[in-house]
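Structure at a glance
Here's the letter readout for the chains.
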Amino acid sequence: MKIAVIGTGYVGLVSGTCFAEWGNEVACVDMNAEKILGLRRGKLPIYEPGLDELVERNYAEGRLSFTTDIAKAVKDAAAVFIAVGTPSRPGHGDADLSFIYMAAKEIAPLLAENAVVVVKSTVPVGTGDAVEKIIAVKRRRGTFSVASNPEFLREGVAIRDFLEPDRVVIGVADERAREVLMEIYGAPLAQVDAPIVVAKRRTSELIKYASNAFLATKITFINELADLCEQVGTDVEELALGMGLDKRIGASFLNAGPGYGGSCFPKDTLALLRTAQDHGVALRIVQETASANEARKRRMALKVMDAIGGNIDGLTIAVLGLTFKPDTDDMREAPSVPLIETLQRFGAIVRAHDPVGMENAARMLENVELLEDPYECARGADAVVIVTDWDSIQNLDLVRLRRTMRSPVLVDLRGAFKAGLAEEAGFHVSAIGRPALRPVELSPGFPDTRYRLPGASEASGRVLGGRYDH
Ligand code: UGA
């Protein structure tokens, strides 16, 4: 099928490339000529594991093209996906739909007969109706359909999320739209046994916001429980393991941390609240989630200060991991930013390291020395703070790290290190969701017996957890 994708941002590029991977002929359109030239040369505007190879192959094999010429891309496409940004309107919280409406106006006179316009961007309920009106006014004659097909891609694993999704949601108002979308998704999803939910267009738009708000709430729930764990001497990882195995709860999105960030959860929870307000509905749980998360991000600096002993004026703090989560270079709403700014306000000298995100971080942070080498970053520091649990950070040689530092304080905001591990390397650890353990004296002659890791012989049946006796 011939497909046009408007917008080569994160969603547009991943979706267009994966449609091509399924054998469609896809033209990705962007008005930014520099971006399009870059893409033709294989230079991707975002970091997403596996995407470069997929773009390169589909481009070389002629299924994927990049253009600024919207008329050429749209004129004989059976489906035109709109995947432009819907950022929060500053000071309002509701989604700014101007790029969506601009795209609708532009494609209206160019559409082929019976073309299906599919809104992939995250848009408030009713946007599909508005897009339909805009196109109808501009087009005057000829039939077309407008559908909704929200994306559920997580940065870092977006290709897998696209090609092997838990589900695909399509929201349609007529049979033609259903047919075209089923033709695109039906066969590939049958191969991976993934269901397609066919819903009304408005329901589909709301499914996206409800899903993100629910996941944000789940994270906030475990984050608050983590705070309680610290006070009552329990371990949030064990708690999450015990809860998550209940299939009604599910194990994913129960990792406690410094608060959720990124370009979606913070923005989408606010936009959903706006929609609810406009319709006189109180979404109290979502409201609490959004404000608890904001407060949590700011509070993380206090946790660092407590771990160091209160006063951080003039002390050096090394922050490891800056992006809002691993496997992305995205710094949007990253908890590292308010954390670093607050530490600086209290007089700390902050150094930082991130394996991929330092270029973006440099634009958002002031007076922070960014270092390629995590050990150099920690050299002479009074504390190291883990903000993003990149594999490379979780695999650090902790003894080596500790030896470069002035004082052995490690604040683990992600549960990056299993209980006892950093203590065994001699660190004083303050971790999210578990009580502090004594560090182990590293010099010979002081064997520590507190951590008794269960040997394989002790295990009988399917035993999970039980990392240490404490
Ligand atoms: C999120 C959703 O997961 C996707 O389904 C959705 O398509 C996307 O938003 C979107 O609307 O476009 P993403 O923002 O890429 O994807 O990242 P997530 O993996 O969901 O993580 C969001 C934040 O929650 C991160 O800061 C992450 O560290 C945090 N998180 C996630 C936790 O603190 N704990 C968890 O257990 C999971």
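Please read these numbers as outputs of a predicted model, since none were measured by experiment.

Below, the discussion takes up the overall build of the protein chain. Secondary structure summary: the protein chain contains 18 helices and 14 strands in total. Against the globule reference of 23 Å for 470 residues, the protein chain gives a C-alpha radius of gyration of 25 Å, in line with a compact fold. On the principal axes, the C-alpha backbone points of the protein chain span a range of 85 × 45 × 45 Å. Within the span of the protein chain, comprising 470 residues, buried residues form 51% of the whole. Considering only intrachain contacts with a sequence separation of at least 6, the fraction spanning at least 24 residues in the protein chain is 71%. For the protein chain, the exposed surface amounts to about 22,000 Å²; the carbon and sulfur share of it is 52%. Averaging the positions of the 55 positive and the 64 negative side-chain charges in the protein chain gives two centres separated by 4 Å.

The geometry of an aromatic ring pair is captured by the separation of the ring centres together with the interplanar angle, meaning the angle of the planes. Inspection of the entire model under this criterion finds 10 aromatic pairs. Taking the centre distance of 5.4 Å and the plane angle of 80 degrees together, the rings of Phe19 and Phe162 count as edge-to-face. Within this pair, whereas Phe19 is found in helix α1 (residues 10-21), its partner Phe162 is found in helix α7 (residues 158-163), the two being separated by 143 residues in sequence. Judged on exposure class, the residue Phe19 and its partner Phe162 are both buried. Measuring from centroid to centroid gives 5.8 Å for Tyr260 and Phe265, while their planes differ by 85 degrees, and the two rings are edge-to-face. Relative accessible area serves as the criterion here: at 6%, Tyr260 is assigned to the buried category. A residue is classified by how much of its surface remains accessible, and Phe265, at 13% relative accessible area, is buried. Members of the aromatic cluster, each reached through a chain of ring pairs, are Phe19, Trp22, Phe81, Phe162 and Tyr185. The ring of Phe152 carries the charged tip of Arg167 above its face, separated from the ring centre by 3.6 Å. Sitting above the plane of the Tyr375 ring, Arg400 keeps its charged end 3.6 Å from the centroid.

A separate point is the sheet that holds strand β9 (residues 316-320). Judged by pairing direction, the sheet is parallel, and its 6 strands sit side by side in the order β11-β10-β9-β12-β13-β14 without closing on themselves. Only two strands of the sheet have a single neighbouring strand rather than two, namely β11 (369-370) and β14 (428-431). Packed onto the sheet, helix α12 (residues 284-308) meets β9, β12 (383-386), β13 (409-412) and β14 and runs at close to 155 degrees relative to β13. Strands in contact with helix α13 (residues 336-345) are β9, β10 (349-353) and β12; relative to β10, the strand with the most contacts, it is inclined by about 155 degrees.

Quick look at the packing of helix α5 (residues 98-107) against helix α6 (residues 127-139) now. Closest axis-to-axis distance for the α5/α6 pair is 8 Å, and the angle between their directions is 30 degrees. When you trace α5 past α6, the crossing you get is right-handed. The residues of α6 that touch α5, namely those facing Ile100, Tyr101, Ala104 and Lys105, are Thr127, Ala130, Val131, Ile134, Ile135 and Lys138. Residue composition of the contact of α5 with α6, grouped by class: 7 nonpolar, 1 polar and 2 charged.

Now for the site of the ligand. Lining the immediate environment of the ligand, one finds 19 residues, of which Glu151, Glu155, Lys208, Asn212 and Asn255 sit closest. Gly261 has a polar backbone atom sitting 2.9 Å from an oxygen atom of the ligand. A distance of 3.1 Å separates an oxygen atom of the ligand from a polar backbone atom of Phe324. Considered on its own, the ligand offers 710 Å² of accessible surface; in the complex 92% of this is hidden by protein. Elements supplying a minimum of two residues to the shell around the ligand: α9 (201-232) and α11 (265-278). With 3 residues, the single largest contributor to the shell around the ligand is α9.

On to unusual backbone geometry. One non-glycine residue, Asn114, adopts positive backbone phi at about 65 degrees. Non-glycine residue Asp193 carries a positive phi angle of around 60 degrees. Counting through the fold element by element, Asp193 comes out in the loop between α8 (175-191) and β8 (196-200).

Here we take up the domain arrangement of the protein chain. The domain architecture assigned to the protein chain consists of domain 1 (2-200) and domain 2 (291-460). Facing the 5 residues of domain 1 at the interface are 8 residues of domain 2. For the pairing of domain 1 and domain 2, the buried interface totals around 560 Å² over both sides, and the portion due to carbon and sulfur atoms is 46%. Together, Tyr47, Glu155 and Gly156 form the three largest contributors to the area buried by domain 1 at its contact with domain 2, with a combined 85%. Applying the counting rule to domain 1 against domain 2 returns 1 salt bridge.

What follows deals with the nonpolar core. Core analysis: the largest hydrophobic core is formed by 40 residues, its most contacted members being Phe19, Phe81, Leu181, Ile184 and Tyr185. A total of 7 residues in this core trace back to one element, the largest contributor, which is α1. In this structure, Phe81 is in contact with Ile3, Ala4, Val5, Ile6, Phe19, Val118, Lys120, Asn149, Leu181, Ile184 and Tyr185, ignoring residues within four places of it in sequence. Grouped together as the second largest cluster of nonpolar side chains are 39 residues, Ile70, Val80, Val117 and Tyr209 included.

Our next topic: a nonpolar patch on the surface. A contiguous nonpolar surface patch, about 330 Å² in accessible area, is contributed by Met31, Phe99 and Met102. Topologically, Met31 is positioned in the loop between β2 (25-29) and α2 (33-40). The class for Met31 is exposed, based on a relative accessible area of 68%.

Summarising the element assignment, Lys267 is placed in helix α11. On the accessibility criterion, Lys267 (18% relative accessible area) is buried. If near-sequence neighbours (up to four positions away) are discounted, Lys267 is found in contact with Thr86, Pro87, Ser88, Gly93 and Thr122.

Of all 5 residues in strand β7 (residues 168-172), 5 are buried, a share of seventy percent or more. Burial along β7 is two-sided: Val168, Ile170 and Val172 facing one way and Val169 and Gly171 facing the other are all buried. In the classification by handedness, the crossover that spans β7, the intervening α8 and the parallel β8 is right-handed.

Definitions and limits used
- Residues numbered from 1 in each chain as written.
- Predicted model: local features only at pLDDT ≥ 70, side-chain atom pairs only at ≥ 80, totals over all residues.
- Heavy atoms only, no water.
- Helix = DSSP H or I, 4+ residues; strand = E, 2+ residues; numbered from the N terminus.
- Rg over C-alpha atoms; globule rule 2.2 N^0.38 Å.
- Buried < 20%, exposed > 50% of the residue type's maximum accessible area, 1.4 Å probe, protein only.
- Contact = heavy atoms within 4.5 Å.
- Areas by Shrake-Rupley, 256 points an atom, 1.4 Å probe, with all protein chains shown as cover.
- Lys, Arg positive; Asp, Glu negative; His and termini not counted.
- Charge placed at Lys NZ, Arg CZ, Asp CG, Glu CD.
- Phe/Tyr/Trp six-rings, centres within 6.5 Å; stacked < 30°, edge-to-face > 60°.
- Lys NZ or Arg CZ within 6 Å of the ring centre and 35° of its normal.
- Pairing = 2+ DSSP bridges.
- Axes fitted to C-alpha atoms, helices over the stretch in contact; angles between N-to-C directions.
- Left-handed = near helix turned anticlockwise from the far one by under 90°.
- Nonpolar A, V, L, I, M, F, W, Y, C, P; charged D, E, K, R; others polar.
- Near = heavy atom within 4 Å.
- Polar contact = N/O pair within 3.5 Å; in protein donor to acceptor, adjacent residues only side chain to side chain.
- Domains from an automatic or database assignment.
- Buried area = accessible area lost by both parts, 1.4 Å probe.
- Salt bridge = Lys/Arg side-chain N within 4 Å of Asp/Glu carboxyl O.
- Core = buried A, V, L, I, M, F, W, Y, C linked by side-chain atoms within 4.5 Å.
- Patch = residues over 30% accessible without salt bridge, like charges linked within 9 Å, V, L, I, M, F, W, Y side chains within 5 Å.
- Right-handed = clockwise from strand over helix to strand, strands pointing away.

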